[in-house]
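Each chain is listed here by its residues.
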Amino acid sequence: MSLSSSLAIPSNLHVLSASDPPYKPLHNHPSLALLSKCKSIENLKQIHSQIIKTGLHNTQFALSKLVEFCAVNPSGNLSYALSIFDSIEEPNHIIWNTIIRGYSLSSSPILAMDVYIHMLLSGVEPNSYTFPFLLKSCAKATATPEGKQIHGHVLKFGLECDVYVHTSLINMYAQNGELGNARLVFDKSSFRDAVSFTALISGYISKGYLDDARQLFDEIPIRDVVSWNAMIAGYAQSSRFEEALAFFQEMQIVNVRPDESTLVSVLSACAQSGSLDLGNRVRSWIDDHGLGSNLRLVNALIDMYSKCGDLSTARRLFDGLHRRDLISWNVMIGGYTHMSSYKEALALFRQMQQSSDEPNDVTLLSILPACAHLGALDLGKWIHAYIDKNYHNLHNTSLWTGLIDMYAKCGNIEAARHIFNGIEPKTLASWNAMISGLAMHGNALGALKLFSEMAIEGFKPDDITFVSVLSACSHGGLVDLGRQYFISMIQDYNIIPKLQHYGCMIDLLGRAGLFDEAKDLVKNMEMKPDGAIWGSLLGACRVHGNIELGEYVASQLFELEPENAGAYVLLSNIYAGAGRWENVATIRTMLNDKGMKKLPGCTSIEVNSVVHEFLVSDETHPQSDDIYKMLDEIDSLLEMAGHVCDTSEVLYDIDEKWKEGTLSQHSERLAIAFGLISTKPGTTIRIVKNLRVCGNCHSATKLISKIFNREIIARDRNRFHHFKDGSCSCMDYW
Ligand code: ZN
Ligand code: ZN
């Protein structure tokens with residue numbers, strides 16, 4: 001039966017004569033009084049049987065109370081309500097309306113319409129309590145045609161002047177994006193209170209018409225806190241934080257007291273705009289008004305502090321909570337990930353796993369990037385298994401994309417591919433994650449092949465896709481293809497190149513030694529090159545021994561990033577490569593005078609689900625003695641295999657012996673040594689380094705993979721290296 005045909009109003013409709021007994025005496029009946037304390041459906045069934053025993057079930061009043069509890073109360077149960085409902089011979093208005101209301105609150109609100117049709121067919125006339133819930137259902141189900149039919153009924157039954165019905169109509173149209181109709185209903189009526197204004201304002205806000213919303217707001221005769229909240233939330237959600245915060249201050253000036261929703265919106269605006277000062281003031285307000293233990297507000301505060309970078313205050317608030325909910329965990333874990341404190345994010349997630357709280361998709365989306373960053377493959381796999389077990393039909397495709405990214409960044413590109421192949425339907429983000437993964441792993445041709453498949457499937461690449469495509473070309477040394485894609489991006493796809501695209505191109509040209517072309521590109525950029533671009537060009541100058549350009553590029557870099565010791569080291573390496581030791585010495589003095597330290601290299605490795613981090617010459621690990629023993633063994637085996645240390649890349653030292661010492665203690669060496677002693681023979685060793693791997697460690701690792709018969713997968717700042725049988729997947733081009 002189609003809804004539209006059945007929505008014709010039956011001609012035999014008549015108002016039921018109110019023949020129910022007077023209700024008053026029943027109000028205080030002990031069985032019904034129990035309902036107000038009822039907390040569970042089991043409890044309710046007991047009350048129900050008591051009601052039957054006492055014969056109360058013969059009154060519509062008692063039944064309506066029962067139905068109301070089951071249909072509306074959060075600890076109720078709509079199907080139980082329906083079973084009671086079905087047993088009632090001639091349900092009255094109140095009971096019909098309650099069932100409609102129950103559906104409007106349920107996850108299938110559109111079924112409220114079926115109930116309404118049955119109500120009409122059984123000859124019960126709808127009243128002013130029926131329509132608000134029906135309209136709410138239509139809004140929730142985005143059912144505009146049904147909403148319009150209900151509007152017709154409202155007019156036929158002459159209820160358009162009822163305040164609640166009127167506001168519900170505006171709300172239904174506004175929420176379904178029918179602003180014209182919402183406005184029409186609004187304009188037709190002579191009474192305009194803050195509620196009807198706010199319903200319309202919310203519609204404008206959800207369409208992004210904030211300035212129209214603002215105009216309406218100014219017309220409200222007497223504004224209530226809800227109308228202020230609508231505006232503040234609207235500004236906050238549209239990233240217009242200044243205005244959100246200004247509204248918050250203004251509402252206090254006109255003596256409207258903020259409520260929980262106001263404060264949550266304001267804190268979210270502070271979080272997103274990094275307004276720690278105002279955030280602190282909101283916190284004082286919360287404390288002064290005795291709201292310091294309101295969980296929703298504390299969660300919002302934790303979120304605000306962590307997004308503003310004050311993780312320790314956020315953590316203190318989190319630790320101080322007597323009762324935590326899922327949101328508390330999510331904001332704290334998300335805060336750590338947001339601030340790149342990945343280790344802390346993982347540690348807190350472990351704590352959550354030991355608590356009674358179960359993670360949801362938001363938690364997993366925050367923890368996956370932490371796994372990806374640290375190379376925590378075991379935990380990543382656990383999350384994958386968890387998703388498989390708990391999300392049978394996963395609608396959140398971001399989770400799949402997060403898994404692809406995690407597997408790719410943890411070095412397991414096959415697993416990433418497997419997930420990618422299983423995603424149906426694919427999204428642009430999932431294509432991007434897979435192409436980027438292949439590029440990172442140096443599989444340039446694979447990445448480009450996937451790119452053309454993507455186009456065949458009808459997906460339009462965006463600027464993120466092209467960053468991956470160009471970096472694939474750069475890692476693979478595919479100069480001609482890189483040029484073609486760069487031009488195609490601009491001409492065929494109308495994408496204006498951003499810094500990262502230029503970065504990839506300049507990197508590609510520089511590595512190939514095409515310095516004139518690289519310089520031309522730098523000159524013709526619409527924006528100023530950043531440190532990364534100069535840095536990659538300087539790296540290319542080192543590889544090709546281009547001193548003249550190297551000096552120029554270094555001077556640009558020194559100006560842009562005076563604290564970047566890495567630039568000085570690179571220039572010094574260029575001089576060292578040419579045997580210009582005087583220049584090397586000058587740079588060393590400069591570095592010492594400025595008291596600059598090179599960003600310390602740091603490598604992490606996950607063993608038995610625990611992430612271990614190593615710095616250069618690190619002796620803090622509990623198994624340090626064994627690690628250094630292994631390191632000595634590796635060194636002598638390397639020497640026997642004919643490995644010669646290339647010391648030209650080292651800066652600070654004069655003593656050759658010491659130089660060799662620190663070289664073999666680079667953080668990745670320590671991590672590999674630890675991996676060798678703590679995993680079974682033949683196990684793949686996966687490490688993640690924060691800097692680019694040095695030439696020495698690269699050739700040493702190649703040999704180690706052969707000597708110990710281990711596959712070593714290393715991620716450095718730029719890409720992956722798969723070391724196997726004495727060679728590396730990057731073909732020494734990185
Ligand atoms: Zn090294
Ligand atoms: Zn390599």
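Quick caveat: nothing in here was measured; it's all calculated off a predicted structure.

1. Side note on the coordination of the zinc ion (ligand 2)
In step 1: Looking at the zinc ion (ligand 2), one finds its protein donor set to be H698 (NE2), H721 (ND1), C728 (SG) and C730 (SG), positioned 2.0 to 2.2 Å from the metal centre.
In step 2: In this structure, the zinc ion (ligand 2) is surrounded by 4 donor atoms whose angles at the metal cover 101 to 116°, and the resulting shape is tetrahedral.
In step 3: Spacing between the donor residues of the zinc ion (ligand 2) along the chain follows H-x22-H-x6-C-x1-C.
In step 4: Relative accessible area serves as the criterion here: at 3%, C730 is assigned to the buried category.

2. Remarks on the coordination of the zinc ion (ligand 1)
In step 1: Every protein donor of the zinc ion (ligand 1) is accounted for by H666 (ND1), C694 (SG) and C697 (SG), and the metal-donor separations fall at 2.0 to 2.3 Å.
In step 2: Note on C694: relative accessible area 10%, which makes it buried.

3. Some thoughts on the sheet that holds strand β5 (residues 720–724)
In step 1: Ordered in space as β2-β1-β3-β4-β5-β6, the 6 strands form an open sheet in which the pairing is mixed. Two strands close off the open sheet at either side, each with one partner strand: β2 (610–615) and β6 (727–728).
In step 2: Relative to strand β3 (residues 685–689), strand β1 (residues 602–607) runs antiparallel, the two being bridged by 3 bridges. By the bridge assignment, I605 is partnered in β3 with I687.

4. Observations concerning the side chain of E606
In step 1: Mapped onto the fold, E606 is located in strand β1.
In step 2: Here E606 is buried and forms no salt bridge, its nearest opposite-charge partner R350 lying at an N-O distance of 5.3 Å.
In step 3: A distance of 2.8 Å separates a polar side-chain atom of E606 from the backbone nitrogen of L377.
In step 4: A polar atom in the side chain of E606 sits 2.6 Å from the backbone nitrogen of D378.

5. Describing the pairing of strand β4 (residues 712–715)
In step 1: Of the two faces of β4, the one holding I712 and A714 and the one holding I713 and R715 are both buried throughout.
In step 2: Summarising the sheet, β3 and β4 pair through 4 bridges and their orientation is parallel. Bridge pairing in β4 links I687 to A714.
In step 3: The handedness of the β3 to β4 crossover, carried by helix α39 (residues 695–707), is right-handed.
In step 4: Bridge count for β4 against β5 is 4 bridges, and the pairing is antiparallel. Across the sheet, residue R715 finds its bridge partner in β5, namely F720.

6. Looking at the environment of L301
In step 1: Along the chain, L301 turns up in helix α18 (residues 295–307).
In step 2: Residues L301 and S36, 265 residues apart in the sequence, show an inter-C-alpha distance of 34 Å.
In step 3: When residues no more than four places from it in sequence are discounted, the contact partners of L301 are L267, R283, I286 and L317.

7. Re the pattern of salt bridges
In step 1: Tallied over the full model, the rule gives 22 salt bridges.
In step 2: With a shortest N-O distance of 3.0 Å, D211 and R240 are connected by a salt bridge. On the criterion of sequence distance, the pair formed by D211 in helix α13 (residues 210–219) and R240 in the loop between α14 (225–237) and α15 (241–253) is long-range, its members being 29 residues apart.
In step 3: Exposure remark for D211: the relative accessible area of 53% places this residue in the exposed category.
In step 4: A network of salt bridges, in which partner residues are shared, links R183, D187 and R192.

About the criteria used
- Residues numbered from 1 in each chain as written.
- Chains lettered and ligands numbered in written order.
- Predicted model: local features only at pLDDT ≥ 70, side-chain atom pairs only at ≥ 80, totals over all residues.
- Heavy atoms only, no water.
- Donors = N, O, S within 2.8 Å, 3.2 Å for Na, K, Ca; no water.
- Tetrahedral: all angles 85-135°; square planar, octahedral: opposite > 155°, others 65-115°.
- Buried < 20%, exposed > 50% of the residue type's maximum accessible area, 1.4 Å probe, protein only.
- Pairing = 2+ DSSP bridges.
- Helix = DSSP H or I, 4+ residues; strand = E, 2+ residues; numbered from the N terminus.
- Lys, Arg positive; Asp, Glu negative; His and termini not counted.
- Salt bridge = Lys/Arg side-chain N within 4 Å of Asp/Glu carboxyl O.
- Polar contact = N/O pair within 3.5 Å; in protein donor to acceptor, adjacent residues only side chain to side chain.
- Right-handed = clockwise from strand over helix to strand, strands pointing away.
- Contact = heavy atoms within 4.5 Å.

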